[in-house]
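Architecture at a glance
Listed below, chain by chain, are the residues.
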Amino acid sequence: MTEPSAPGAAQNQAELSRERIVAAATALFAERGYDGTTTRMIAGAAGLNVATVAYHVGGKADLYREVMRRAHEAERAAVAGALREFGARAGADPAGAAVGFADRYLDFCLERPDVPALWMRRWLADAAEFAGLEEEYTRPLLESVRDALAAALPEVPSERAELAVWTVLWTVHGFCRSMIRAQVPRFREHLHGLVLRELGIGGGR
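Figured I'd write up the structure that's included with this text. Given the structure is predicted, the values throughout are model-derived calculations rather than measurements.

1. Here's the deal with the overall build of the protein chain
Within the protein chain one finds nine helices and zero strands. Counting helices and strands in the order they occur from the N terminus, the protein chain gives α-α-α-α-α-α-α-α-α. Reported as C-alpha extents along the three principal axes, the dimensions of the protein chain are approximately 75 × 35 × 35 Å. When each of the 205 residues of the protein chain is scored for burial, the buried share is 43%. Long-range contacts, defined here as pairs at least 24 residues apart, represent 71% of the contacts in the protein chain between residues at least 6 apart. Entry remark: accessible area of the protein chain is about 10800 Å², with carbon and sulfur atoms responsible for 55%.

Below, the structure written as structure tokens:
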């Protein structure tokens, strides 16, 4: 006679299934966009049936919200760490601190190419029904970077700092989406010069 599964084992299996679904959805939303992805595609990529996907995560909209929430949390943690390093270094070496921050953000996007891909899909009017994600996720994060730059570099106007942040974001996301890995060192050098020029520091005026 087969013994029933322990509650903990069933819970672990459910969590594993949920993570498989979220991973599959993340890859598909990043590559095809929300509008170009179906629940059936997600189920197929996860090796599960559509009913199982619905049971674990709900509908496609629920899954998209979860994917974007996780992408934001990963990006927020990376930016917070980079800002701590920036703050510790900016007083003695503002140019080096700014370049170091850009390096950290580039490294994050190279390690997590799904994150820039997800946001770039939205720039192309994908998932238009989720109109509030930029205000909820992107704007507060960008403003925290802008404010940190303005506080550490008082000679840089807040408006210039904000445009510099946006420029770095667009440039890094575009490069990482291109996936030209052989050009990373060359792009990193270009990014350094871009940051200094945009902020008007370290000879980059």
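2. Considerations on the packing of helix α5 (residues 94-111) against helix α8 (residues 158-178)
A pair of packed helices can be characterised by two numbers: the angle between their axes and the separation between those axes. Contact geometry for α5 and α8: axes closest at 10 Å, N-to-C directions at 30°. When the axes of α5 and α8 are compared, the crossing they make is right-handed. Here Tyr105, Leu106, Cys109 and Leu110 of α5 lie close against α8, whose contacting residues are Leu169, Val172, His173, Phe175 and Cys176. Each residue belonging to the contact of α5 with α8 can be placed in one class, and the counts come to eight nonpolar, one polar and no charged.

3. Section: the environment of Ala43
The residue Ala43 is located in helix α2 (residues 39-46) in this model. On the accessibility criterion, Ala43 (2% relative accessible area) is buried. Residues Ala43 and Leu118 lie 75 residues apart in sequence; the distance between their C-alpha atoms is 19 Å. Sequence-distant contacts of Ala43, defined by excluding residues within four places in its chain, comprise Leu48, Asn49, Val50 and Val53.

4. What about the packing of aromatic side chains?
By the definition in use, this model includes eight aromatic pairs. A centroid spacing of 5.1 Å and a plane angle of 85° characterise the contact between Tyr34 and Phe130, whose relative ring orientation is edge-to-face. A residue pair is termed long-range when its members are at least 10 positions apart, and Tyr34 in the loop between α1 (7-32) and α2 and Phe130 in the loop between α6 (114-123) and α7 (133-152) qualify at 96 residues. Under the relative-accessibility criterion, Tyr34 is labelled buried at 6%. On the accessibility criterion, Phe130 (6% relative accessible area) is buried. Arranged with centres 4.8 Å apart and planes meeting at 40°, the rings of Tyr64 and Phe130 form a pair that is tilted. Placement of Tyr64 in helix α4 (residues 60-90) and of Phe130 in the loop between α6 and α7 is noted, with a sequence separation of 66 residues between them.

Rules used in this analysis
Residues numbered from 1 in each chain as written. Predicted model: local features only at pLDDT ≥ 70, side-chain atom pairs only at ≥ 80, totals over all residues. Heavy atoms only, no water. Helix = DSSP H or I, 4+ residues; strand = E, 2+ residues; numbered from the N terminus. Buried < 20%, exposed > 50% of the residue type's maximum accessible area, 1.4 Å probe, protein only. Contact = heavy atoms within 4.5 Å. Areas by Shrake-Rupley, 256 points an atom, 1.4 Å probe, with all protein chains shown as cover. Axes fitted to C-alpha atoms, helices over the stretch in contact; angles between N-to-C directions. Left-handed = near helix turned anticlockwise from the far one by under 90°. Nonpolar A, V, L, I, M, F, W, Y, C, P; charged D, E, K, R; others polar. Phe/Tyr/Trp six-rings, centres within 6.5 Å; stacked < 30°, edge-to-face > 60°.

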